[in-house]
Structure formats: structure tokens, C-alpha cells
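What follows is the residue order along each chain.
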Amino acid sequence: MKKVLIITAALLTVGVAHAAPPLQQMPIDFVGEWCNGETFEGETNWKLPSWIEEDGEKCTNILSVDKYEFRMVINKKSLTCSPDAIRMKSDTTPSGTAYLATIDARCMTLNNGVPESQPGKLTTFEFRRYKDNIYIKQK
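Bear in mind the structure is a predicted one, so any value in this text is a computation, not a measurement. (Residues numbered from 1 in each chain as written. Predicted model: local features only at pLDDT ≥ 70, side-chain atom pairs only at ≥ 80, totals over all residues. Heavy atoms only, no water.)

Let us look at the side chain of N36. Looking at the secondary structure, you find N36 in strand β1 (residues 32-40). Here the side chain of N36 touches K58 through a polar contact of 3.0 Å, landing on its backbone oxygen. (Helix = DSSP H or I, 4+ residues; strand = E, 2+ residues; numbered from the N terminus. Polar contact = N/O pair within 3.5 Å; in protein donor to acceptor, adjacent residues only side chain to side chain.)

Listed below in C-alpha cells is the structure:
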């Protein structure tokens, strides 16, 4: 019985050593639903739904950021991405604070919500939030 317990303990220890790394969590400053990404010179600007509704528009294109992934349509491609590495910084001025994140993520393309591809190679995104806007640029 002792041999079985020792072998079991050894196998469990080896299994723990090869466990998957913990999931990276998206920074709280970016979590939420954002509307109508407009791209200009490679950078897409997303706004809070309340800003869109003030102008009488409807939220037709959504950036969704939750704890472990972000989903968006950019350049007519629907993506769902899971971050592998996140580097954060902020810049505070008298008018407010900008939150900056460089995010290395693995993304899948979707077709009507169904994955067309497996998570691909790492893609780097720069996220910048200032007040009620998020700006995203793919590197």
C-alpha cells in the first residue's frame, strides 16, 4: 500500500509540474461593452454605449472585453482573442488618466459565432483607454 501511495504522489507531483500556466486576466480598465469601432490610420476607436445613444446612433458593432478574452470585428474579421501576456502602464495629466496596455493574444476568426480557425500565433495589440473611449491598434 505504501508503494502505491508513493507512486501516486510522485505522479501527482509530475502532473502539477506540467500544468497549464494560469490564464491572463484583462485589465479592469478595459472590461465592458464598447460600440461602433471606427478605424482611422490603423487604430480603431470604440465608445461607451451611452455616448453612441446621446448622438441618436445605435450600437451596431460591439467590442466585448471580459475577464479572460476580448471579441470584436475589425477590418471585416470577427475575432475572439485570449491574452497570453499583458504589460500595463498609465499616464495621468490634469485632464484625466490614460490607461495603456500592450497585449499579446492568440486570436481565432469566427464565422457567425463558429470558430473558423484554431487560436493562431501571437498577435500584439495596443489598447489605450482615455475617459469613455478605447483605442486599439494591432501591431
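So much for the structure itself; the text now carries on.
The side-chain alternation of strand β4 (residues 70-74) yields one buried face, formed by F70, M72 and I74, and one unburied face, formed by R71 and V73. Of the pairings in the sheet, the one linking strand β3 (residues 62-65) to β4 comprises two bridges and is antiparallel in character. By the bridge assignment for β4, V65 is matched with F70. Alignment of β4 against strand β5 (residues 77-93), held across five bridges, turns out to be antiparallel. Paired with R71 across the two strands is T80, which belongs to β5. Counting the residues that bridge the hairpin from β4 to β5 gives two residues, and of these N75 lies at a positive phi of roughly 50°. (Buried < 20%, exposed > 50% of the residue type's maximum accessible area, 1.4 Å probe, protein only. Pairing = 2+ DSSP bridges.)

Bringing unusual backbone geometry into the picture now. For residues other than glycine, phi is negative in most cases, and the peptide bonds are mostly trans. The backbone phi angle of N36 is positive, close to 45°, even though this residue is not glycine. Among the residues examined, N36 registers a relative accessible area of 11% and is labelled buried. You will see that K131, though not glycine, has its phi angle at about 55°, which is positive. Topologically, K131 is positioned in the loop between β8 (122-130) and β9 (133-138). Assessed through its relative accessible area of 45%, K131 is described here as partly exposed.

Right, let's talk about the pattern of salt bridges for a bit. For the coordinates displayed, the defined rule picks out six salt bridges. In this structure, R71 and E69 form a salt bridge, with 2.6 Å as the shortest nitrogen-oxygen distance. Judged by relative accessible area, R71 falls into the partly exposed class, the value being 25%. Taken together, the shared-partner salt bridges connect D66, E69 and R71 into one network. (Salt bridge = Lys/Arg side-chain N within 4 Å of Asp/Glu carboxyl O.)

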